[in-house]
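What the coordinates show
Now for the letters of each chain:
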Protein chains: 2
Amino acid sequence: FLGTNSLLAACCVCFSVGSQCREEGGDFDLASIYVSDAQYNRNIYFDTSPQAVRLYLRYNHWLPQVLLYVFILVDLSLALFEEPAVFALPTWATMLVELLCLIVFTIRLIHYAKVIPRDKFWKDPKNICIIVILGLTMVDMIIYGALKASNCRAVRWSRVLRPLLLVNVTEGRQLRRAFRSIRNALPQIFYVFLLFMFSLLIFSLMALKLGLKTIDGAPYFTNYLEIVFDLYVLVTTANSPDVMMPAYNASTGFAIFFILYILINTYIFMSVFLAVVYNNYKKYLKEEVRQLVRAKRHKMVRAFAVLQEQREEGGEPVVSQANWNQLVRLVQPDLSNAHRELLWSVSDDTNQGKVAFVQLADLLNIEVITLKSRPHPLQGVCPAFYLSAPSRLLCQLVQHRAFVIVYDLIILVNAVFIGLDEENPLISNSEWVFLALYLLEILLKLYVFEPRAFFSRHSFWNWFDTIIVVAALIATIINSAMKSSGDYTSRQILDIVFILRVLRLIRVVDSIKRFRTIINTLIRIGPAILTFGQLIIVVYYIFAMVGMEIFKGKVKFYEADSSDPAKAYCGNPSLKGTPFAQLNYCKNNFNDVVSSFVLLVELTVVNQEKLEDNLVNAMETIDSDQGTGQSANSKPGLMFKIASKRYRTVDALLQRMFEADLDPEDFAETDDPAAPTSGNFSNPAFSSA
Amino acid sequence: FLGTNSLLAACCVCFSVGSQCREEGGDFDLASIYVSDAQYNRNIYFDTSPQAVRLYLRYNHWLPQVLLYVFILVDLSLALFEEPAVFALPTWATMLVELLCLIVFTIRLIHYAKVIPRDKFWKDPKNICIIVILGLTMVDMIIYGALKASNCRAVRWSRVLRPLLLVNVTEGRQLRRAFRSIRNALPQIFYVFLLFMFSLLIFSLMALKLGLKTIDGAPYFTNYLEIVFDLYVLVTTANSPDVMMPAYNASTGFAIFFILYILINTYIFMSVFLAVVYNNYKKYLKEEVRQLVRAKRHKMVRAFAVLQEQREEGGEPVVSQANWNQLVRLVQPDLSNAHRELLWSVSDDTNQGKVAFVQLADLLNIEVITLKSRPHPLQGVCPAFYLSAPSRLLCQLVQHRAFVIVYDLIILVNAVFIGLDEENPLISNSEWVFLALYLLEILLKLYVFEPRAFFSRHSFWNWFDTIIVVAALIATIINSAMKSSGDYTSRQILDIVFILRVLRLIRVVDSIKRFRTIINTLIRIGPAILTFGQLIIVVYYIFAMVGMEIFKGKVKFYEADSSDPAKAYCGNPSLKGTPFAQLNYCKNNFNDVVSSFVLLVELTVVNQEKLEDNLVNAMETIDSDQGTGQSANSKPGLMFKIASKRYRTVDALLQRMFEADLDPEDFAETDDPAAPTSGNFSNPAFSSA
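Residues numbered from 1 in each chain as written. Chains lettered and ligands numbered in written order. Predicted model: local features only at pLDDT ≥ 70, side-chain atom pairs only at ≥ 80, totals over all residues. Heavy atoms only, no water.

Definition in use: UniProt positions are given in the numbering used here, feature names are shortened, and annotations may be inferred rather than shown by experiment.
Under the annotation held in an unreviewed UniProt entry, chain A carries the name Two pore segment channel 3 and is attributed to Sparus aurata. The Subcellular location (unreviewed entry) field of the UniProt record for chain A holds the comment "Membrane".

In structure tokens, the structure reads:
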């Protein structure tokens, strides 16, 4: 630790003297790491020695990150092949694969340990967590192997720990933040829950004492715990109005009790619950974003300190355009020269001062679509033909609004045909007509628009159309070929053909502006939804693993052709005559990981709360959304378009969401080394004298 | 119209000359009307002639307003006595009462017509609406009476119009605003609904084409419309997982289809729906509040213009304290002198300029609790005893935290005793002990605290305690007396005793700070919830009336002792063997207004959306809520406490909610007569030269 400090001090001296003693490459590496960390909000306290910096660059390379996720995925999907398996594999095979995964995780962890100072490594609970998981998994594998070898009953209990890797790897920032926000909001939610429970108990006591009767005068609601359970279920409205009917039939007055209960507990309490969850989650998320913004600022100031030059005596330190260019090229090698020039021109000066420089991380996060207004390749090949009057008329026709309307009508007709009976040869042959029409549309558009622009990275609907139509064409041809070669038709291929045929209809959405806005909003918040997807997978996986160990084989599913008498009660005598067996719920079991996940989804389908936070915020801008695609001409034949409020990272989206709420001081740069740094980011601040 | 204008012009001349030609009483009446209109956000364009002003003062008196609501209530509750009746009354009786109601409404409307200029009256859709409702009701009553007299079948169709009176009377401002916000938000919601329907149709088409099969290979999901309906119900999760089980049993792959459907339609679309409803409703409500604030400012400027005096040449016009006092005394006669002095002292000057004056309406809306630190009456009667050492010790004991804890424990023990079997004499006698303990607590508190402070208007929990305990005491005594006088025990009285006994337990909530905060928040947004309550009543009433005319007698309910064979199918052969009859749902019918309302509540119990808007905003301040009870000493022995963020009117609550969002210019006063006035409030602006 002392070594690091003295090194930093040396660096500072270095910078203040000037640029004589710089080790050029190392400096740029360091600065680019700071910028890239700021851009992606990585809060890693890395060692600043040149070796560690080079290691850290390699650590952040996309390849090891992708590999890590692939191995985590492999590790998680082992549940498909382990006992109780969907596709059974021998134990040694799965164990071997798991061992490989463990080795990969260990290598990645060692790499990380080499990047950051030793004491920081051991103080980070993430690393301790991973080490414990790896250790426990090894111990479990050895015990399991030994027990299996001696034919004893063994439990692979360490499988529960697997999804925790997703949370604890350095890349699981988003997921950790979501978990942290939920954990922080829990105490507030807990109080509302307590109050709700209190209300439930009071109502149950009242129901017990009211002596509710059925219409036959039989007592009803006599056991306190049963009442509590019934009224608890009533909050989810699952047993409404059945739970109320006997009492209501006996006396209309009893209905008042139930209506009052539903009003207070289902409506008011559940709303309070939602409001508290929403507000607290938002509050803590805002706090997290505030810390992120501050940490980003600090990193950019540090990057500036590395590259700054003192141009004139007493003047502000600046970064020259040459150095700036080299830095950006290092941080984002795939950036086009034009795009880089655009970013530089934003600061509008021959050198960049600190204020302009610290914006760089945010600027790099803005997705800029480069539109090159290139001529159509046909124009180059055969200008006389392409620019002739009929060709121009065709171009005008295709670009006309009527063209869109005609194709919308074709899609509607197609929808009707799909709904009709396909046994009719007229209808089944009409499919070829529609396919031809759709192909013609794509070819016409390719004739009119420049192909590279048509298939640019952000033309979602063009890609969607082309892929769906081409896939449908291929599937339909294969299907027809199989049909004509014999009477055998593959069910799978037919299903694919049908699905593709129906998916084509979704295209209509794109031609209605309002619909497009809604879909675009959903696409924009996609990454944030994916974080919650991961979170749910982590929770489901843990529950599935525990459920499988406890309940596997308790409920059996018999195929249709089975004549086993146990089929009527799912192979479990205690289910004889229960609604579970009568309603054919036997397949809702924990016998393998797929069944477990389906069952957990079924159990979840009651209420949703989390998604709305992002949606509400995203929707707030839904209306003001259409006019923000700004254009800036910088070179003839080249246009930039700022993708309207679309951001490359979830963090950037979050920052944008809370921009109005954050204090201006969070955005202000604090050079003071004594300034309070955020809890997440406790690197020592450079003095930029 | 010309007449009004010239009058206004005359007034303006009057004010600019000075205070010579003022008709004192009339001026104060006018100014107090402006202030009171600003305070309660009444946007009525009244005539400013002295006669009209006096009439308008009478129009705004609380008595006719309460009477109006009483007669609306009587009119609405006529449904209980009309065919199909809960308590049957002869037709002539209900007709007579309704006629009386109509006369009252007509008188109120004529009063209103005399207050505002004739052309304004006929341009206001509210008035036209009331006239049409009254006219149609008269026509319907005549037709109905004639048809009944000639023994023909007659329908009282005008009953549907009754709840519309609630919306269209001048006092129904809140309700109209809620309806307007919903109506304005509808187009946005409609687009999301269309997209949802599109998604539903696409999924249904896919389900049809996938050829789902049950485990026996039987086709399943074969009719398109049935699929659409089943999948629509699946969005409400009412038929989950039953609708999926047959296909899931046949093949695990089919589960993917259903899970994808639930993910997209139940989770994503319903969240988008909620987000759009929330945002649009909030947006339009904010716009309404912005207009209210502007209109309020205009009215206060006008009131200032009426009372202003030019003290020195070239100086700002001011209002003297004497005039100000007279005005406030007119606007709010029940305000204590001390409170009025406090309001004046806020401006901290001997005269009030315009900037300070326009705050008056908002200041009057802040609920100020006057705490008088009076000595205990016993201290006055017998100071030697009350101030003796044992008496002081007792006071300290009662005020100690342990006292609260001891009584919380007593309540817990009581809860356990209530849950136990009451046949045991030990337990039934324990009730007397608990009652004595609770009475002792109240008496002790009355001994320690000044009784008037203890029973002040804002001590909700003290009132609650005392009423519950005294009522329980009375009911228990009556119950025991009846028990000992014979073996007859009234079920009703016993029920009341039990309910009171259980309600006593709620007291625990008050001693836990977090719970108290949540409950206080709910109480604070109570008025806003009541507006939605009215809105729901309006909608329910209309549906109940229509439902009763269409469905009355279609489903019959038979008492338990009935031996009619029709009982098994609710008296409707087409219900034979349906789940409706099997589940004993016969009482869910439209045979009278009470059954109709219960049925409509049952149908509503699926999802809630509206309440959250107010809750989310109210909850945002839940944490910062406890420290805002500000005290300001102005006189010895007299203390003011500003009730923490509690407001007298819903409008004030709304204004507070959106304060951060509204532009400062909405709060700024605009004297310019050419300034754009809001759509609701189009009175000509006074020139205050």
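1. A closer look at the overall build of chain A
For clarity, the cut-off: Here a helix means four or more residues in a row that DSSP labels H or I, a strand means two or more in a row labelled E, and each is numbered from the N terminus. Only protein chains enter the area calculation, which uses a 1.4 Å probe; residues under 20% of their type maximum are buried, those over 50% are exposed, and those in between are partly exposed. The Shrake-Rupley method, run with a 1.4 Å probe, gives the accessible areas here. Residue values count only the displayed protein chains as cover.
Helices and strands together make up the secondary structure of chain A, namely 32 helices and five strands. Buried positions account for 48% of the 689 residues belonging to chain A. As displayed, chain A offers around 33,300 Å² of accessible surface, 65% of which is attributable to carbon and sulfur atoms.

2. A closer look at the nonpolar core
Basically, it comes down to this: Nine residue types can take part in a nonpolar core, namely buried Ala, Val, Leu, Ile, Met, Phe, Trp, Tyr and Cys, and a core is a set of them joined through side-chain atoms within 4.5 Å. Each domain's limits were defined by an automated method or a database of domain assignments. We call two residues in contact whenever any of their non-hydrogen atoms come within 4.5 Å of each other.
Core analysis: the biggest nonpolar cluster contains 80 residues, and A:Leu212, A:Phe221, A:Leu231, A:Phe258 and A:Tyr261 have the highest contact counts within it. Here this core gathers at least three residues from each of two domains, domain 3 (380-511) and domain 4 (526-619) of chain B. Discounting residues that sit within four places of it in the chain, A:Tyr261 has contacts with A:Leu200, A:Phe203, A:Leu231, A:Tyr232, A:Leu234, A:Val235 and A:Thr266.

3. Concerning the relation of the copies chain B and chain A
Quick note on the threshold: A least-squares superposition brings the copies together, and it is based on the C-alpha atoms of residues with pLDDT no lower than 70 in both.
The two copies are related by a screw operation: chain B maps onto chain A through 180° of rotation and 0.0 Å of translation along the axis, at an RMSD of 0.1 Å. A rotation of that kind, with that shift, is consistent with a two-fold axis. Among all residues of chain B, the one whose C-alpha sits closest to the rotation axis is B:Ala238, at a distance of 3.8 Å. By residue overlap, the copies meet face to face through one surface: 100% of the interface positions of chain B are interface positions in chain A.

4. A word on the interface of chain B and chain A
Where the parts come together, the accessible area they lose is often given as the size of the interface. For clarity, the cut-off: As used here, buried area is the combined drop in accessible area, with a 1.4 Å probe, of two parts when they are placed together. Within this document, salt bridges are pairs made up of a side-chain nitrogen of Lys or Arg and a carboxyl oxygen of Asp or Glu, the two lying within 4 Å of each other. Here a polar contact means two N or O atoms within 3.5 Å. Within protein one must be a hydrogen donor candidate and the other an acceptor candidate, and residues neighboring in sequence count only if both atoms are side-chain atoms. The residue classification treats Ala, Val, Leu, Ile, Met, Phe, Trp, Tyr, Cys and Pro as nonpolar and Asp, Glu, Lys and Arg as charged. All others, Gly included, are polar.
The interface is formed by 86 residues belonging to chain B together with 86 residues belonging to chain A. Summed over both partners, the interface of chain B with chain A buries about 7,600 Å², with 71% contributed by carbon and sulfur atoms. Interface area lost by chain B to chain A is led by B:Lys209, B:Lys587 and B:Val605, which between them contribute 9%. Across the chain B-chain A interface, the total number found is zero salt bridges. Counting across the interface, chain B meets chain A through five residue pairs in polar contact (both at pLDDT 80 or more). Counting residues per element, the side of chain B that touches chain A draws most heavily on helix α12 (residues 252-307) of chain B, at 16 residues. For the side of chain B that touches chain A, a count of residues per class yields 55 nonpolar, 17 polar and 14 charged.

5. Side note on the state of the cysteines
Residue and element names in this part refer to chain B. Rule in force here: A pair of cysteine sulfur atoms is labelled a disulfide when the two atoms are within 2.5 Å.
Throughout the structure, instances matching the rule amount to two disulfides over all chains. Cys570 shares a disulfide with Cys586; S-S distance 2.1 Å. On the sign convention where negative is left-handed, the bridge of Cys570 and Cys586, at about -65° about the S-S bond, is left-handed. On the criterion of sequence distance, the pair formed by Cys570 in the loop between α27 (526-551) and α28 (579-582) and Cys586 in the loop between α28 and α29 (593-604) is long-range, its members being 16 residues apart. Of the two residues, Cys570 and Cys586, neither departs from the other in class, the shared state being buried.

6. Looking at the confidence of the model for chain A
In low-pLDDT segments, the atomic positions of the prediction should not be examined closely. All names here are of chain A. Note the cut-off: Values of pLDDT, ranging from 0 to 100, describe the predictor's confidence in every residue of the model.
Put simply, chain A has an average pLDDT of 78, and 81% of its residues get 70 or more. Every residue in residues 1-23 is under pLDDT 50, and counting partners more than four places away or in other chains gives 22 contacts. Overall, residues 619-637 carries pLDDT values under 50, and its contacts beyond four positions in sequence, including any with other chains, amount to 37 contacts.

7. Some details on the packing of aromatic side chains
Residues and elements named next belong to chain A. What counts here: Between rings of Phe, Tyr and Trp, where Trp is taken as its six-membered ring, a pair exists when centres lie within 6.5 Å; planes separated by under 30 degrees are stacked, by over 60 edge-to-face, and by other angles tilted. Only lysine NZ and arginine CZ atoms are considered, and such an atom sits over a ring when it is within 6 Å of the ring centre and within 35 degrees of the ring normal.
Per the stated rule, a full pass over the model turns up 55 aromatic pairs over all chains. Relative to Phe87, the ring of Phe81 lies with its centre 6.2 Å away and its plane at 35°, an arrangement referred to as tilted. Residue classification places Phe81 among the partly exposed positions, given a relative accessible area of 27%. Judged by centre distance (5.6 Å) and plane angle (25°), the rings of Phe551 and Phe590 are stacked. Of this pair, Phe551 sits in helix α27 (residues 526-551) while Phe590 sits in the loop between α28 (579-582) and α29 (593-604); the two residues are 39 residues apart in sequence, bridging distant segments of the chain. Exposure remark for Phe551: the relative accessible area of 42% places this residue in the partly exposed category. Site record: aromatic cluster; members linked through ring pairs are Tyr59, Tyr112, Phe121 and Trp122. We note Lys576 situated over the ring of Tyr569; from NZ or CZ to the ring centre the distance is 4.8 Å.

8. Observations concerning the pattern of salt bridges
One pass over the structure, following the stated rule, counts 46 salt bridges over all chains. As a salt-bridge pair, B:Arg162 and B:Glu98 come within 3.1 Å of each other at their nearest N and O atoms. Here B:Glu98 lies in helix α5 (residues 91-115) and B:Arg162 lies in helix α8 (residues 162-168), a separation of 64 residues in the sequence. B:Glu98 matches B:Arg162 in its accessibility class, with the two residues each being buried. Between B:Asp140 and B:Arg156 there is a salt bridge whose closest N-O contact spans 2.7 Å. Of this pair, B:Asp140 sits in helix α7 (residues 125-149) while B:Arg156 sits in the loop between α7 and α8; the two residues are 16 residues apart in sequence, bridging distant segments of the chain. Taking the relative accessible area as the measure of exposure, B:Arg156 reaches 6% and is therefore buried. Each of A:Asp75, A:Glu82, A:Glu98, A:Asp140, A:Arg156, A:Arg159, A:Arg162, A:Glu549 and A:Lys552 takes part in one network of salt bridges that share partners.

9. Observations regarding a nonpolar patch on the surface
Residue and element names in this part refer to chain B. Condition: Put simply, a patch holds well-exposed residues, over 30% relative accessible area, that have no salt bridge, with like charges counted together within 9 Å and Val, Leu, Ile, Met, Phe, Trp or Tyr side chains within 5 Å.
On the surface, Trp122, Ile128, Ile131, Val132, Leu136, Val139, Ile143, Val155 and Trp157 cluster together to form a nonpolar patch covering roughly 720 Å² of accessible area. Ranked by residue count, the leading element in the nonpolar patch is α7, at six residues. Considering the arrangement of structural elements, one finds Leu136 in helix α7. You can call Leu136 partly exposed: its relative accessible area is 33%.

10. Remarks on the packing of helix α21 (residues 425-448) of chain B against helix α23 (residues 460-485) of chain B
Residue and element names in this part refer to chain B. What counts here: All axes are obtained by fitting lines to C-alpha atoms, using only the stretch in contact for helices, and the reported angles, taken between N-to-C directions, cover 0 to 180 degrees. Should the near helix be turned anticlockwise from the far one by less than a right angle, the crossing is left-handed, and should it be turned clockwise, the crossing is right-handed.
Put simply, α21 and α23 touch, their axes get as near as 10 Å, and they point 145° apart. As for the relative orientation of α21 and α23, their crossing is left-handed in sense. Along the contact surface, α21 presents Glu431, Trp432, Leu435, Tyr438, Leu439 and Ile442, while α23 presents Asp465, Thr466, Val469, Ala472, Leu473, Thr476, Ile477 and Ser480. Across the contact of α21 with α23, the residue classes break down as nine nonpolar, three polar and two charged.

11. A few points about the side chain of B:Ser204
Residues and elements named next belong to chain B. Positionally, Ser204 belongs in helix α9 (residues 173-210). Judged by relative accessible area, Ser204 falls into the buried class, the value being 0%. The contacts of Ser204, once residues within four sequence positions are left out, are Tyr224, Ile227, Val228 and Leu231.

12. Focus: helix α3 (residues 50-59) of chain B
Residues and elements named next belong to chain B. Counted only if it meets this: The arc in question is traced by the directions running from the helix axis to the C-beta atoms.
Listed in full, the buried residues belonging to α3 are Ala52, Val53, Tyr56 and Tyr59. Projected down its long axis, α3 carries its buried residues within an arc of 115°, all on one side. When the buried face of α3 is taken as reference, the exposed residues oriented beyond 90 degrees from it are Gln51 and Arg58.

13. Some details on unusual backbone geometry
Following A:Glu83, the chain continues to A:Pro84 via a peptide bond in cis, the omega torsion being -10°. Structurally, A:Pro84 is set in the loop between α4 (62-77) and α5 (91-115). Positive phi outside glycine occurs at B:Cys570, with the angle close to 55°.

14. As for helix α10 (residues 224-235) of chain B
Residues and elements named next belong to chain B. As a reminder of what qualifies: By this rule, a helix spans an expected 1.5 Å times one less than how many residues it contains.
Over its twelve residues, α10 extends 17 Å from the first C-alpha to the last, a length consistent with the 16 Å expected when each residue adds 1.5 Å. Elements in contact with the buried residues of α10: α9 and α12. Residue Asn223 occupies the N-cap position of α10, its side-chain oxygen lying 2.9 Å from the main-chain nitrogen of Leu225. Remark: Thr237 follows α10 within two positions and exhibits a positive phi of approximately 60°.

15. Regarding the environment of B:Leu78
All names here are of chain B. Note on placement: Leu78 falls in the loop between α4 (62-77) and α5. For Leu78 and Arg159, which are 81 residues apart along the polypeptide, the C-alpha to C-alpha distance reads 9.4 Å. Excluding residues that lie within four positions of it along the chain, Leu78 makes contacts with Thr94, Val97, Glu98 and Arg162.

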